[in-house]
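Read off the chains here:
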Protein chains: 2
Amino acid sequence: MNPSAAAIRIQKEYSKKTRKSHALYKKSMSCFPGGISHNIRYFAPYPFYTKFAKGKYLRDVDGNNYTDYWMGHWALLIGHSHPVVASAVRRQTSHGTLFGTVNKLSLDLAYAIKKGMPRAELIRYSSTGSEATMYAVRLARAKTGRRVVAKIVGGWHGYNTNLLQSVNYPFELDEGLGLIQDEEQFVESIPFNDLERSLKILDTIRDDLACIIVEPVLGGAGCITPESDYLHGLQEFAKRNDALYILDEIVTGFRLSFRGAAHVYKLDPDLFTLGKIVGGGLPIGVLCGDKDIMSLCNPVGREKSEVACYIGGGTFSANPLTMTAGLSTLKHLKENKSAIYPKINKIGTRIRKGLKKAFSEGGVDVDVKGIGSLFMTHFLNKDIRKISSALDVGLSDRDLLRKYHFALIAKHKMFFLPEKMGAISSMHSLKDADHLIDATQQIVQSGLLSPAK
Amino acid sequence: MNPSAAAIRIQKEYSKKTRKSHALYKKSMSCFPGGISHNIRYFAPYPFYTKFAKGKYLRDVDGNNYTDYWMGHWALLIGHSHPVVASAVRRQTSHGTLFGTVNKLSLDLAYAIKKGMPRAELIRYSSTGSEATMYAVRLARAKTGRRVVAKIVGGWHGYNTNLLQSVNYPFELDEGLGLIQDEEQFVESIPFNDLERSLKILDTIRDDLACIIVEPVLGGAGCITPESDYLHGLQEFAKRNDALYILDEIVTGFRLSFRGAAHVYKLDPDLFTLGKIVGGGLPIGVLCGDKDIMSLCNPVGREKSEVACYIGGGTFSANPLTMTAGLSTLKHLKENKSAIYPKINKIGTRIRKGLKKAFSEGGVDVDVKGIGSLFMTHFLNKDIRKISSALDVGLSDRDLLRKYHFALIAKHKMFFLPEKMGAISSMHSLKDADHLIDATQQIVQSGLLSPAK
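Only a predicted model underlies this, so the values are computations on that prediction, with no experimental measurement involved.

What counts, and at which threshold
- Residues numbered from 1 in each chain as written.
- Chains lettered and ligands numbered in written order.
- Predicted model: local features only at pLDDT ≥ 70, side-chain atom pairs only at ≥ 80, totals over all residues.
- Heavy atoms only, no water.
- Helix = DSSP H or I, 4+ residues; strand = E, 2+ residues; numbered from the N terminus.
- Rg over C-alpha atoms; globule rule 2.2 N^0.38 Å.
- Buried < 20%, exposed > 50% of the residue type's maximum accessible area, 1.4 Å probe, protein only.
- Contact = heavy atoms within 4.5 Å.
- Areas by Shrake-Rupley, 256 points an atom, 1.4 Å probe, with all protein chains shown as cover.
- Lys, Arg positive; Asp, Glu negative; His and termini not counted.
- Charge placed at Lys NZ, Arg CZ, Asp CG, Glu CD.
- Least-squares fit on C-alpha atoms with pLDDT ≥ 70 in both.
- Pairing = 2+ DSSP bridges.
- Axes fitted to C-alpha atoms, helices over the stretch in contact; angles between N-to-C directions.
- Salt bridge = Lys/Arg side-chain N within 4 Å of Asp/Glu carboxyl O.
- Core = buried A, V, L, I, M, F, W, Y, C linked by side-chain atoms within 4.5 Å.
- Phe/Tyr/Trp six-rings, centres within 6.5 Å; stacked < 30°, edge-to-face > 60°.
- Buried area = accessible area lost by both parts, 1.4 Å probe.
- Polar contact = N/O pair within 3.5 Å; in protein donor to acceptor, adjacent residues only side chain to side chain.
- Disulfide = S-S within 2.5 Å.
- Domains from an automatic or database assignment.
- Nonpolar A, V, L, I, M, F, W, Y, C, P; charged D, E, K, R; others polar.
- Right-handed = clockwise from strand over helix to strand, strands pointing away.
- Parallel < 35°, antiparallel > 145°, perpendicular 65-115°, else oblique.
- Left-handed = near helix turned anticlockwise from the far one by under 90°.

Chemist: How should the overall build of chain A be read in this particular structure?
Modeler: Helix and strand counts for chain A stand at 16 helices and 14 strands. Taking 22 Å as the expected radius of gyration for a compact globule of 453 residues, we find that chain A reaches 22 Å, a close match to that expectation. Along the first, second and third principal axes, the C-alpha set of chain A runs to 75 × 55 × 45 Å. When each of the 453 residues of chain A is scored for burial, the buried share is 66%. The long-range fraction of contacts in chain A, counting pairs at least 24 apart against all pairs at least 6 apart in sequence, stands at 71%. Within the structure as shown, chain A displays about 15,800 Å² of accessible surface, and the carbon and sulfur contribution to it stands at 50%. With 60 positive and 44 negative side-chain charges, chain A shows a separation of 10 Å between the mean positions of the two kinds.

Structure follows, in structure tokens:
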């Protein structure tokens, strides 16, 4: 079949299976801009509406079951509504969801975090990752007395005003309306995996450089792993120039290993952020790090003349429901870490190898990126022969990627948020890997991804 | 008894009753800067640790029960773990807490919000109020192409970088380390309840004025109600000068009335923010308002050349657990609104009158502020004879306020977050009002609040 006929057939199949979702999406359009509350949750022609999620499965309002590879923005390492988490949350719900006052659960979760990540000398909870990275920047400016924040081209640290820069291709443009230039001028963007150019740029701003903030694996930008000494090179530059090195481990913390990416790549950040997994499926952001730096936000017992760095917090920070969900998740991970991490990493490896083989045998030119339980396929073209930065991803064939992901959803009941990386949970199995590889082979054979004639 | 002897006695009483909390606080100091995850949750000598919360009660780890007037940062209008909310949350927990994908519950909650607040033509969910106000500012700048944000001196809109200005007395100083001047220059602060001066200041910046953002009742700054035409004066100025008028109803929405403060004060904001109550005790922020303005953040179906205003969202936005909690709360409020609002307002009125009388009869000079179910006592002195702005609050006797609130906690088992306003929930009764007034009389008679000799 030629590719456009194949695409039309898949679209029809989706429409037929998702009539109730379509009706709900029409209603959503009159309640929400674009029908959604998160820019990436829309995909054409309309997203299905989830009614139920358990383990590795999503079930939509039309009764379709999908094997989920998006797993709640990659947050659900042990699956949707894991029994140990769900029962803890249910119990806590009757005991109070938002005390407002302090509670012991937040202390227990802090100990659990420190167990995995001993660099978390002191911790502050917020309710989202976007808040955590915003506060990390504020602390870095407070500590150094400098203004400039260096981030990676394509690096994603949430929608906060401080870091919403150079996120989307073609990167040099403003990240949309409403961000004023006077804020933007203090963010400098450097290219991932190009240490020489990065250091050259950093060198021009070193006297006013407050921090370098980096995801150890570029997540939203395309699951791009760091090459050889890139992360160490940045760390060394930061330390040599009295700027802070901030690792954004919101995606990788407790995923790449129980001790995070810092452990895998042997990094020593001054501050780091967590989110997603540590909330056990409930809202959380966490800022952690060096005692002296973190202490700048301590409001207790200061002299009037001593000014602190004010960061949240927030109404819902350290709420007992999130703390319980996070705590039961980390406990489960700790108790089962020798089973879970090798398992999810093995599935990840099988998928990466299998996809590469399936595409290659079908004559489709791809680079499959990832590490451990994270993976993503990028479609190459004559200009882009391999993927090592967000710019490469921007120049790759995004249209093929959308088609591939949509075919997985519509025809094979495997959910990937179109254009985003996949994540394995402890609920997935090697069989799932084989199914995904099979489905990919079928999609390749269907002609959907062949060059248009 | 002389005041310092009375204070020492109360402190001893608290220490004796809260030994386990004290031990936990010592541990917390080695995990969190200042032992807390929200700056205001600390109070001297250490906060008690809540173990259980139900209805109007908090129970701490030592087994003390407190009647709660803080009610989860004023979020819990129908009490802690209300049965209808708790059972909905428990049920949803088994069906998934974070789909990642879109869901019908977010649509149902949107309809419930629109029912109360029809000005919510379009809605976007975030996970915290601090995010919602940050995004409101971004949308205002996107809509107007201007940069300056006018806020109230003492106005509180969360810890976000855009609005963390002029929050704390003496207001002219920086709000702590880590905020850079280049960001601050685009925030202009105006004095609450002084329309003439406010308009004079606004007039100097009107050509670059993107928005005026205001809490209809100043919450964190001291429960200060608006005088006569202040809010209308600001609204008129904004509309006349093509700036947006943004009402921050995170505290007042669904509290001052089912239709919020906009209804009570007959205001017509372009955008408004919600939080707290609409999350039913789970993390939420909501940005609502005019269709055309909200549509600027719609990422769907734009031409490549058409730039949107990028706002969150966030991983946990519109998660089904928060949506369920919010929905069951608003349903309960709607079904019982003719009982709940008159009741909580009546309790509020009795408290305000009773406190005023109790202090006045005891020769303690106070102003009791508030409206509906919100109230707060301010201790006057020779300079400050009444409270109508955050500056007045800053100059009032905060030390007496701390002593009064702490005595209520330590001796009378009534919890007020020291120095913050009280909030009535539907679980409170007129008897609670009488107990609070009685306790206040006893504190006055104990000599604790008398001038030192």
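Chemist: What's the story with the relation of the copies chain B and chain A in this structure? I'm lost.
Modeler: Two chain copies, one operation linking them: a rotation about an axis together with a shift along it. Each copy of the sequence occupies a distinct position, and chain B is placed on chain A by a rotation of 180° and an axial shift of 0.0 Å, giving an RMSD of 0.0 Å. Taken together, the rotation and translation describe the operation of a two-fold axis. No C-alpha of chain B approaches the rotation axis more nearly than that of Arg90(B), which lies at 2.4 Å. In this assembly, 100% of the residues forming the interface of chain B have copies in chain A that are likewise at the interface, indicating an isologous arrangement.

Chemist: How do you make sense of the sheet that holds strand 14 (residues 422–423) of chain B when you look at a structure like this?
Modeler: The strands making up a sheet are joined through hydrogen bonds of the backbone, oriented either antiparallel or parallel. All names here are of chain B. Taken in spatial order, the three strands of this open sheet run 11-12-14, and their pairing is antiparallel. Edge strands, defined here as strands with exactly one partner in the open sheet, are strand 11 (366–371) and strand 14. For strand 11 and strand 12 (residues 374–379), the ladder comprises six bridges, and the chain directions are antiparallel. The residue bridging Val368 from the neighbouring strand is Thr377, located in strand 12. Taken strand by strand, helix 13 (residues 337–361) contacts strand 11 and strand 12, and its axis lies near 180° from that of strand 11.

Chemist: Sorry if this is basic, but what is going on with the pattern of salt bridges here?
Modeler: When the charged atoms of two side chains with opposite charge come close together, those side chains can pair. Residue and element names in this part refer to chain B. Summed over all chains, the structure comprises 38 salt bridges over all chains. A salt bridge links Glu236 to Arg240; its shortest N-O distance comes to 3.5 Å. With Glu236 and Arg240 both in helix 9 (residues 230–240) and four residues apart, the pair spans about one turn of that helix. The pair formed by Glu236 and Arg240 is uniform in burial state, with each residue classed as exposed. Between Asp399 and Lys403 there is a salt bridge, with the nearest N and O atoms lying 3.8 Å from each other.

Chemist: I would appreciate a short explanation of the side chain of Thr324(B) in the present structure.
Modeler: By secondary structure assignment, the location of Thr324(B) is in helix 12 (residues 320–335). Filtering out sequence-adjacent residues up to four positions away, Thr324(B) remains in contact with Ala88(B), Val89(B), Gln92(B) and Leu105(B).

Chemist: I tried to follow the nonpolar core on my own but got confused; where do I start?
Modeler: Judged by nonpolar contacts, the single largest core of 257 residues is most densely connected at Tyr125(A) and Tyr125(B). Membership of the second largest hydrophobic core comes to 54 residues, among which are Leu122(A), Leu271(A), Leu296(A) and Met294(B).

Chemist: Explanation requested: the packing of aromatic side chains in the structure shown.
Modeler: Residue and element names in this part refer to chain A. Taken as a whole, this structure holds 42 aromatic pairs over all chains when the rule is applied. Taking the centre distance of 6.0 Å and the plane angle of 40° together, the rings of Phe43 and Phe415 count as tilted. One end of the pair, Phe43, is in the loop between helix 2 (19–29) and strand 1 (50–54); the other, Phe415, is in strand 13 (residues 414–415), and 372 residues separate them in sequence. Each of the two residues, Phe43 as well as Phe415, counts as buried. Between the aromatic rings of Phe192 and Tyr230, the centroid separation amounts to 5.3 Å while the plane-to-plane angle is 70°, which identifies the pairing as edge-to-face. Highlighted residues: Phe192 in the loop between strand 6 (187–190) and helix 8 (195–204) and Tyr230 in helix 9 (residues 230–240), separated in sequence by 38 residues. Owing to a relative accessible area of 2%, Tyr230 belongs among the buried residues under this scheme. Linked through ring pairs, Tyr14, Phe43, Tyr46, Phe48, Tyr66, Phe406 and Phe415 together constitute an aromatic cluster.

Chemist: When you look at the interface of chain B and chain A in this model, what are you seeing that I'm missing?
Modeler: Interface size is often expressed as the accessible area that is lost when the parts come together. Facing 109 residues of chain B, the contacting portion of chain A comprises 109 residues. Each partner contributes to the roughly 9,200 Å² buried at the junction of chain B and chain A, and carbon and sulfur atoms together form 63% of this total. The tally of links between chain B and chain A comes to zero salt bridges. Here chain B is connected to chain A by 49 residue pairs in polar contact (both at pLDDT 80 or more). Those elements that place two or more of their residues in the side of chain B that touches chain A are helix 2 (19–29), strand 1 (50–54), helix 3 (71–74), helix 4 (83–95), helix 5 (104–116), strand 4 (122–126), helix 6 (129–144) and helix 7 (181–184) of chain B. Sorting elements by how many residues they give to the side of chain B that touches chain A places helix 6 of chain B first, with seven residues.

Chemist: I tried to follow the state of the cysteines on my own but got confused; where do I start?
Modeler: Put plainly, two cysteines are in a disulfide when a covalent bond ties their sulfur atoms together. For the structure on display, the rule yields zero disulfides over all chains. Between Cys211(A), a free cysteine, and Cys309(A), which holds the nearest cysteine sulfur, the sulfur-to-sulfur gap is 12 Å.

Chemist: I'm lost on the sheet that holds strand 5 (residues 148–152) of chain B in this one. Help?
Modeler: Residues and elements named next belong to chain B. The seven strands are arranged 4-10-9-8-7-5-6 in an open sheet whose pairing can be described as mixed. At either end of the open sheet lies a strand with only one pairing partner, and these are strand 4 and strand 6 (187–190). Taking each pair of neighbouring strands and ignoring which way they run, the sheet shows an average axis angle of 20°. Two elements, strand 5 and strand 7 (residues 209–214), share four bridges in a ladder whose sense is parallel. Residue pairing in the sheet places Val149 in a bridge with Cys211 of strand 7. The strands touched by helix 5 within the sheet are strand 4, strand 9 (271–275) and strand 10 (285–289), with strand 4 carrying the most contacts at an inclination of about 125°.

Chemist: Looking at this structure, how should I read the domain arrangement of chain A?
Modeler: Residues and elements named next belong to chain A. As far as domains go, chain A holds domain 1 (3–80 + 337–446) and domain 2 (83–332). Spacing between the C-alpha centres of domain 1 and domain 2 amounts to 27 Å. Counting residues at the interface gives 34 residues for domain 1 and 31 residues for domain 2. Taken together, the connections running from domain 1 to domain 2 amount to one salt bridge. Between Glu227 and Lys386 there is a salt bridge, with its nearest N and O atoms 3.4 Å apart. Between domain 1 and domain 2 we count 10 residue pairs in polar contact (both at pLDDT 80 or more) in total. Sorting the residues of the side of domain 1 that touches domain 2 by element identifies helix 3 (71–74), helix 13 (337–361), strand 11 (366–371), strand 12 (374–379) and helix 14 (390–395) as the ones contributing at least two each. Grouping the constituent residues of the side of domain 1 that touches domain 2 by class yields 20 nonpolar, 10 polar and four charged.

Chemist: Sorry, what's going on with the pairing of strand 7 of chain B here?
Modeler: Side chains on a regular strand alternate between the two faces of the sheet. All names here are of chain B. Where burial is concerned, most of strand 7 is hidden: six out of the six residues are buried. Across four bridges, strand 7 lies against strand 8 (residues 244–248) in parallel orientation. Looking at strand 8, one finds that Val214 is bridged to Leu247. Note on the crossover from strand 7 through helix 9 to strand 8: the handedness is right-handed.

Chemist: Would you mind going over the packing of helix 8 of chain A against helix 9 of chain A with me for this structure?
Modeler: All names here are of chain A. The contact between helix 8 and helix 9 brings their axes to 10 Å, and the two run at 20°. It follows from the interaxial angle that helix 8 and helix 9 lie roughly parallel. Pair helix 8 / helix 9 crosses with right-handed handedness. For the pair helix 8 and helix 9, the contacting residues are Leu195, Ser198, Leu199, Leu202 and Asp203 in the first and Tyr230, Gly233, Leu234 and Phe237 in the second. Considered class by class, the residues forming the contact of helix 8 with helix 9 number six nonpolar, two polar and one charged.

Chemist: Would you mind going over the pairing of strand 2 (residues 57–60) of chain A with me for this structure?
Modeler: Residues and elements named next belong to chain A. Alternating positions in strand 2 separate cleanly, Leu58 and Asp60 being buried on one face and Tyr57 and Arg59 remaining unburied on the opposite face. Of the strand pairs in this sheet, strand 1 and strand 2 are connected by four bridges, and their pairing is antiparallel. Each residue of the ladder has a partner; that of Thr50, found in strand 2, is Asp60. For strand 2 and strand 3 (residues 65–68), the ladder comprises three bridges, and the chain directions are antiparallel. In the strand pairing of strand 3, Arg59 is matched with Asn65.

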